[in-house]
Amino acid sequence: MNVDKAKKRISKQVKKGFSGYPEIALEYFGKTPECATEVVVSFTLEEGAEPQEQRFKSESDIREDEAVQSALVKIIERANASTVTEIDGVSAIK
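Anyway, here's the lowdown on the structure attached to this text. Sequence order as written defines residue numbering, which begins from 1 separately in each chain. Residues qualify for local features only when their pLDDT is at least 70, as the model is predicted, and side-chain atom pairs are given and counted only at 80 or more; totals for whole chains, interfaces and linings, by contrast, use all residues. As a convention, hydrogens and water are excluded, and side-chain values are obtained from all of the structure's heavy atoms.

So, helix α2 (residues 66–78)
Three or four residues apart is the spacing at which side chains of an α-helix point the same way, because the helix has 3.6 residues per turn. The helix count covers DSSP runs of H or I at least four residues long, the strand count covers runs of E at least two residues long, and both are numbered beginning at the N terminus. Take the number of residues in a helix, subtract one, and multiply by 1.5 Å to get its expected span. With 13 residues, α2 extends 18 Å between its outermost C-alpha atoms, agreeing within 8% with the 18 Å of an ideal straight helix rising 1.5 Å per residue. Each residue's exposure class comes from its accessible area (1.4 Å probe, protein chains only) as a fraction of the maximum for that residue type: buried when under 20%, exposed when over 50%, partly exposed otherwise. When α2 is considered as a whole, its buried residues turn out to be Val68, Gln69, Ser70, Leu72, Val73 and Ile76. Every residue pair with non-hydrogen atoms within 4.5 Å of one another is taken to be in contact. Those residues of α2 hidden inside the fold are in contact with α1 (3–15), β1 (23–30), β2 (38–44), β3 (52–57) and β4 (83–92). One side-chain oxygen at the N-terminal end of α2 lies 3.0 Å from the backbone nitrogen of Ala67; it belongs to Asp65. In the segment just after α2, Asn80 is the residue with positive phi, at about 50°. Polar contact criterion, stated in full: a pair of N or O atoms within 3.5 Å, where within protein one must be able to donate a hydrogen and the other to accept it, and residues adjacent in sequence count only if both atoms are side-chain atoms.

And the structure:
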């Protein structure tokens, strides 16, 4: 899937807002605010449940990585997520 198409599909899901569970949350991390080299995908099945996390890492900006963005779309689809949230910007790597 084209990286722009994948990003557009993710953005469309995020714009819907909270619609219940299951929920997928995306947070990007990097050494600088301009370049995200890691994304953490958190899956929460129901309210109060402990989220499950999966991390993807890249040497370059992961937001422009076609394979990773396509994988995120597939994760959202397969989880049948009612809600998709995305933390704005790039958080500092812990």
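Let's talk about the nonpolar core
Core analysis: the biggest nonpolar cluster contains 18 residues, and Ile24, Phe56, Ile62 and Leu72 have the highest contact counts within it. Elements supplying a minimum of two residues to this core: α1, β1, β2, α2 and β4. Sorting elements by how many residues they give to this core places α2 first, with four residues. Excluding residues that lie within four positions of it along the chain, Phe56 makes contacts with Thr37, Glu38, Val39, Val41, Ile62, Val68, Leu72 and Ile75. What makes a nonpolar core is a set of buried Ala, Val, Leu, Ile, Met, Phe, Trp, Tyr and Cys residues whose side-chain atoms join them at distances within 4.5 Å.

Regarding α1
Between its first and last C-alpha, α1 extends 18 Å over 13 residues, near the 18 Å set by a 1.5 Å rise per residue. Restricting attention to buried positions, one finds in α1 the residues Val3, Ala6 and Ile10. In a view along the axis of α1, the buried residues occupy a sector of 65°, so they form one face of it. With respect to the buried face of α1, the exposed residues turned more than 90 degrees away are Asp4, Lys5, Lys8, Lys12 and Lys15. Check the buried side of α1 and you find it contacts β1, α2 and β4. Capping of α1 at its N-terminal end is provided by Asn2; its side-chain oxygen lies 2.7 Å from the backbone amide nitrogen of Asp4. One or two steps after α1, the chain reaches Gly17, where phi turns positive at roughly 80°. Of all possible arcs, the one meant is that of the directions from the helix axis to the C-beta atoms.

Side note on the packing of aromatic side chains
Whether two aromatic rings pair depends on their centres lying within 6.5 Å, for rings of Phe, Tyr and Trp, where Trp uses its six-membered ring; planes under 30 degrees apart make the pair stacked, over 60 edge-to-face, and the rest tilted. Taken as a whole and assessed by the stated rule, the structure comprises one aromatic pair. The interplanar angle of 75° and the centroid separation of 5.5 Å between the aromatic rings of Phe18 and Tyr21 together place this pair among those described as edge-to-face. Residue classification places Tyr21 among the partly exposed positions, given a relative accessible area of 31%.

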